[in-house]
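What follows is the residue order along each chain.
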Amino acid sequence: MLRLPWCVLVMTALASNGRGSSVRPQLFSFDRVPTFFHSANASGPWSDAAAEQIARFAMATFEKDMAVSAHIGPSEITGPSACRQVKAVNPKVATVYYLNSAIDWPFYSLHAKMVANPEWRLKNAEGQDLLVVGQYGFNFSVDACREAWMADCLAATAAGCDGCFIDRSNNMTQLNMSAHGAMSPADSLRFEQAHLATLTELNAKLLAAGKFAISNNEGSLKLGTTTMMIEDFAASGHCVETLLEAVRNNLTVQAHAGNYADEGPTDGIATKPGNNCNHGITNSLAAYLVAAGRYTYYHCATGWQSNPMWPAESDDWLAWRPEYDHPLGDPLGDAIKAGDVYTRTFKSGTRVLFDGRRGNGTILWGDGTQQAGRPWNPPAANSGCKWQTIGS
């Protein structure tokens, strides 16, 4: 049973953060494109070269399978260890521990508690374990499960991380499906309420400790959210408007591009699109720049693991792209929209144009460099940004 009704927890969180206060990353500047990092080296700890590279980003999240193949400890050990490793290079980087709010990944020590306590696990209407992508699911309507899960995040922040990346922060409807059947209506409602109440309580606890949670795709102020990732950011007018809404709500935002191949055909054949970030980032970067506000960050990468052979071999996450070194400067105002085209100018003289219907961006950098992306084929006005909840 929940100790406090969900509405009471929501109001407690709102009273603590006033909808305006939050813990911000130490690093933010429009001098260059603001960027973030989110990946793992499953083979072991980061190399010195990789740690130096990660320390160039303002924020760095270390995914669930950090060093999992090295068998040096559970994620509760390897995640904070990566936080401390990068902090040793640059103490100002906001380092972040990954924790899923629905899936009990087996490489966490939390998993042993889930094995030992069957009542902590989500159940279907027949009382069988309801699996989420083949794993147990956390049942936050059980106090002990809820407390253990929140303690896992808080322990990571005490061990050297600045915050926790909370995956599956919204869109919980997919959890009501399983090979074993669905939850009963009463259990489904109880799960939804407990999940939201737990996120609200965790946000309040982190804020009180001077820490933060990055809520994946969740920007609801009523939950006490201060920081979110837009996981499926794309070069589209819809994503520009989604980011603008997050900025209006004073959220810290990570705009992750890379789920969509948005640079047009590579061989002139419309059925063969470009290879996501590897082919070029002009379009998605232009979409980000016309909407970017303070404490918004960009990166384009496919997948959530890094290549341990970097820098001998390429890696989307560890790559420091040429665009990240061009001068930018503070925006001289909001983007001006004429028809489907957004235009924005920055202090360096950089000028960005983005066609929200065609998904086509052009960046005229202040140092004289010019780059133009190819339009999507077919047009991409509504692509991406499908999973977000933003606002009150």
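Up top you'll find the structure we're talking about.
Reference entry: report on the structure contained in this document. (Residues numbered from 1 in each chain as written. Predicted model: local features only at pLDDT ≥ 70, side-chain atom pairs only at ≥ 80, totals over all residues. Heavy atoms only, no water.)

### A word on the state of the cysteines
Working step 1: Using the criterion set out here, one finds four disulfides in the structure.
Working step 2: A sulfur-sulfur distance of 2.2 Å marks the disulfide that ties Cys 83 to Cys 161. Taking the sign of the S-S torsion, 100 degrees for the link of Cys 83 and Cys 161, the bridge is right-handed. Residue Cys 83 is located in helix α3 (residues 75–89), and its partner Cys 161 is located in the loop between α5 (143–158) and β4 (163–167); the two are separated by 78 residues in the primary sequence. As far as the burial class goes, Cys 83 and Cys 161 line up, both buried.
Working step 3: In this model, Cys 153 is linked to Cys 164 through a disulfide, with the two sulfur atoms separated by 2.1 Å. The disulfide joining Cys 153 to Cys 164 has a torsion of about 105 degrees about its S-S bond and is therefore right-handed. Here Cys 164 lies in strand β4 and Cys 153 lies in helix α5, a separation of eleven residues in the sequence. (Disulfide = S-S within 2.5 Å. Helix = DSSP H or I, 4+ residues; strand = E, 2+ residues; numbered from the N terminus. Buried < 20%, exposed > 50% of the residue type's maximum accessible area, 1.4 Å probe, protein only.)

### Section: the side chain of Asp 167
Working step 1: In this structure, Asp 167 sits in strand β4.
Working step 2: Within polar-contact distance, the side chain of Asp 167 engages the side chain of Tyr 98 at 2.7 Å.
Working step 3: For Asp 167, the contacting residues outside a window of four places in its chain are Tyr 98, Leu 99, Asn 100, Ser 101 and Asn 216. (Polar contact = N/O pair within 3.5 Å; in protein donor to acceptor, adjacent residues only side chain to side chain. Contact = heavy atoms within 4.5 Å.)

### Observations regarding the nonpolar core
Working step 1: If you look at the biggest cluster of nonpolar residues, it comprises 99 residues, and the most contacted ones within it are Trp 149, Phe 233 and Tyr 288.
Working step 2: Setting aside anything within four residues of it in sequence, one finds Phe 233 in contact with Cys 239, Leu 243, Ala 255, His 256, Ala 257, Gly 258, Tyr 260, Ser 284, Ala 287, Tyr 288 and Cys 385. (Core = buried A, V, L, I, M, F, W, Y, C linked by side-chain atoms within 4.5 Å.)

### Concerning the pattern of salt bridges
Working step 1: Here the structure, examined in full by the defined rule, presents nine salt bridges.
Working step 2: Across the pair Glu 63 and Lys 64 runs a salt bridge whose closest N-O atoms are separated by 2.9 Å. Grouping residues by exposure puts Glu 63 and Lys 64 together as buried.
Working step 3: Glu 201 is the partner of Lys 205 in a salt bridge, and the nearest nitrogen-oxygen pair spans 4.0 Å. Highlighted residues: Lys 205 and Glu 201, both in helix α6 (residues 185–208), separated by four residues, approximately one helical turn.
Working step 4: The exposure class of Glu 201 is buried, given its relative accessible area of 11%.
Working step 5: Each of Arg 121, Lys 123 and Asp 129 takes part in salt bridges that share partners, so that together they form one network. (Salt bridge = Lys/Arg side-chain N within 4 Å of Asp/Glu carboxyl O.)

### Describing the sheet that holds strand β7 (residues 227–233)
Strand pairing in a sheet relies on backbone hydrogen bonds, with the paired strands running either antiparallel or parallel.
Working step 1: Here eight strands make up an open sheet; going across it, the order is β1-β2-β3-β4-β5-β7-β8-β9 and the pairing parallel. Here the strands that pair on one side only, and so sit at the sheet edges, are β1 (36–39) and β9 (296–300). When the angles between neighbouring strand axes are averaged without regard to direction, this sheet yields 20 degrees.
Working step 2: Two elements, strand β3 (residues 94–100) and β4, share five bridges in a ladder whose sense is parallel. Within β4, the position partnered with Tyr 98 by the bridge is Phe 165.
Working step 3: Its contacts with the sheet put α5 on β3 and β4, and the angle it makes with β3 is roughly 160 degrees.
Working step 4: Helix α7 (residues 237–248) contacts β7, β8 (252–257) and β9 of the sheet and is inclined by roughly 180 degrees relative to β7. (Pairing = 2+ DSSP bridges. Axes fitted to C-alpha atoms, helices over the stretch in contact; angles between N-to-C directions.)

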